[in-house]
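Below are the chains, spelled out letter by letter.
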Amino acid sequence: MKRIQLLTLSLFALTFGLLTGCGGDSQVTIKLTDAPGDFKKAVVTISEVYLQGEGGKVVLSDEATTTNLISLANDTQDIVKDAVVPAGTYSELRFVISGAYIEVEQADGSTLIYATEDNYAGLPEGAKVAGKLQTPSFSSSGLKVKFDGDVEISGEQKVILVDFDVAQSFGKERGQGDKWVMKPVIKGADITFSGSVNVTLAKGAEVSLPVINEQAVTLGQFKATLTAEADADGAAAPAAEEIALTDANGDGVFEASFKFLVPGNYKINFVAPAGVSFTTNPSVPAPVTISSGQDQTQAFILTSASAQ
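Because the structure is a prediction, the values reported are computed rather than measured.

> Which residues make up the environment of Leu245, and what values do they have?
If you trace the backbone, Leu245 turns up in the loop between strand 19 (241-244) and strand 20 (254-261). Between the alpha carbons of Leu245 and Glu255 there is a distance of 5.1 Å; along the sequence they are 10 residues apart. Residues contacting Leu245, with those up to four places away along its chain left out, are Val199, Leu201, Leu219, Gly220, Phe222, Lys223, Ala224, Phe254, Glu255, Ala256 and Phe270.

> Talk me through the packing of aromatic side chains; I want residue IDs and the actual numbers.
Scanning the model with the defined rule gives three aromatic pairs in all. An angle of 85 degrees between the planes, with centres 5.5 Å apart, marks the rings of Phe222 and Phe278 as edge-to-face. One end of the pair, Phe222, is in the loop between strand 17 (215-216) and strand 18 (223-228); the other, Phe278, is in strand 22 (residues 276-281), with 56 residues separating them in the sequence. Exposure remark for Phe278: the relative accessible area of 22% places this residue in the partly exposed category. One residue, Lys57, lies across the ring of Tyr50, its end atom 4.4 Å from the ring centre.

> Describe the sheet that holds strand 18, and please don't skip the residues or the numbers.
Strand order in the open sheet made by the four strands is 19-18-21-23, with antiparallel pairing throughout. Pairing within the sheet leaves two strands with one partner each, and these edge strands are strand 19 and strand 23 (286-290). Along the sheet, successive strands turn relative to each other by an average axial angle of 30 degrees, direction set aside. Across four bridges, the pairing between strand 18 and strand 19 is antiparallel.

> Hey, could you go over the sheet that holds strand 22 for me, with residue numbers and the actual values?
Strand order in this open sheet of four strands is 20-15-24-22, and the pairing throughout is mixed. Only two strands of the sheet have a single partner each, and these edge strands are strand 20 and strand 22. The mean inter-strand angle of the sheet, taken between neighbouring strand axes irrespective of direction, is 30 degrees. Summarising the sheet, strand 15 (residues 195-203) and strand 24 (residues 295-307) pair through eight bridges and their orientation is parallel. Directly across from Ser196, in strand 24, lies its bridge partner Asp295.

> Account for the nonpolar core, with residues named and values stated.
Core analysis: the biggest nonpolar cluster contains 28 residues, and Val197, Phe222 and Phe258 have the highest contact counts within it. Of all the secondary-structure elements, those providing two or more residues to this core are strand 15, strand 18, strand 20, strand 21 (264-271), strand 23 and strand 24. It is strand 20 that contributes the most residues to this core, four residues altogether. In contact with Val197, not counting residues within four places along its chain, are Leu226, Ala256, Ser257, Phe258, Leu261, Ile268, Val288, Ile290, Gln296 and Gln298. Grouped together as the second largest cluster of nonpolar side chains are 25 residues, Phe39, Val58, Ile97 and Ile102 included.

> Give me the lowdown on the pattern of salt bridges, citing residues and values where you can.
Pairing between side chains becomes possible if they bear opposite charge and their charged atoms approach one another. Applying the stated criterion to the full structure yields five salt bridges. The salt bridge partner of Arg94 is Glu92, with a shortest N-O separation of 2.4 Å. Comparing Arg94 with Glu92, the two get one shared label, buried. In this structure, Lys132 and Glu117 form a salt bridge, with 3.6 Å as the shortest nitrogen-oxygen distance. Placement of the pair is Lys132 in strand 9 (residues 129-134) and Glu117 in the loop between strand 8 (111-115) and strand 9, with a sequence separation of 15 residues.

What counts and how
Residues numbered from 1 in each chain as written. Predicted model: local features only at pLDDT ≥ 70, side-chain atom pairs only at ≥ 80, totals over all residues. Heavy atoms only, no water. Helix = DSSP H or I, 4+ residues; strand = E, 2+ residues; numbered from the N terminus. Contact = heavy atoms within 4.5 Å. Phe/Tyr/Trp six-rings, centres within 6.5 Å; stacked < 30°, edge-to-face > 60°. Buried < 20%, exposed > 50% of the residue type's maximum accessible area, 1.4 Å probe, protein only. Lys NZ or Arg CZ within 6 Å of the ring centre and 35° of its normal. Pairing = 2+ DSSP bridges. Axes fitted to C-alpha atoms, helices over the stretch in contact; angles between N-to-C directions. Core = buried A, V, L, I, M, F, W, Y, C linked by side-chain atoms within 4.5 Å. Salt bridge = Lys/Arg side-chain N within 4 Å of Asp/Glu carboxyl O.

The following block contains the structure:
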């Protein structure tokens, strides 16, 4: 399971996890995902990503990334990873697009390619460009994604979802012949605070851990797992995230923290060392619901443990 599980959006979605930073700053991670449309390919090169706010421009990434939006239907790709963002108020996100092409299916089943330049580096080898794809000002001022109101960043955990309609964002303008124009349709932006859950496991007062291969078993050999429930459409649930339990303060309570979770339903479980069977109170797998902005603790007591 990815640390940030993306919500399933019907179209091109950007997900930001504003991770807790130091000195009032935050870190931001941007992921892309998409759903199939009428285009065979919609490839863009994003050369810069930045936030625009009261303090001016804050560059999150200036490393060029080329991606086919259509192929991201069931996957994600990091565009920005752990960029430090100063505390402040921001009104919009901007993507500088240095090049792009689309491959459009024709009535007879063939396809035609329209590109910003005939020699655009993102084109497949040997591709023949049928016409021009215009991206007005996107290579200078950038594609502007306005938030629904200013976003204040002060070290809190956030997930910002921006719905971008690929199918409606490329089209021919009347009288332009073979020219296509990229005019993104932004459906809106929701701000959703991510959540986290701290899982604890302590040994019951009368419970003795077994000895396996002449080695005494400890709670530090247990692992906590968190699994997101399957989507409503029946898609398989992602693999469980697994974290080793640790007791940093030595109080006998072992912990594992799952951070930056998109709100939703999950299940908590534990993995014991090989050869050990166990029970807990409450029993596992235990359901847990992560709400927007919620940080919670789920406590478990080991009620029995024995060698199999």
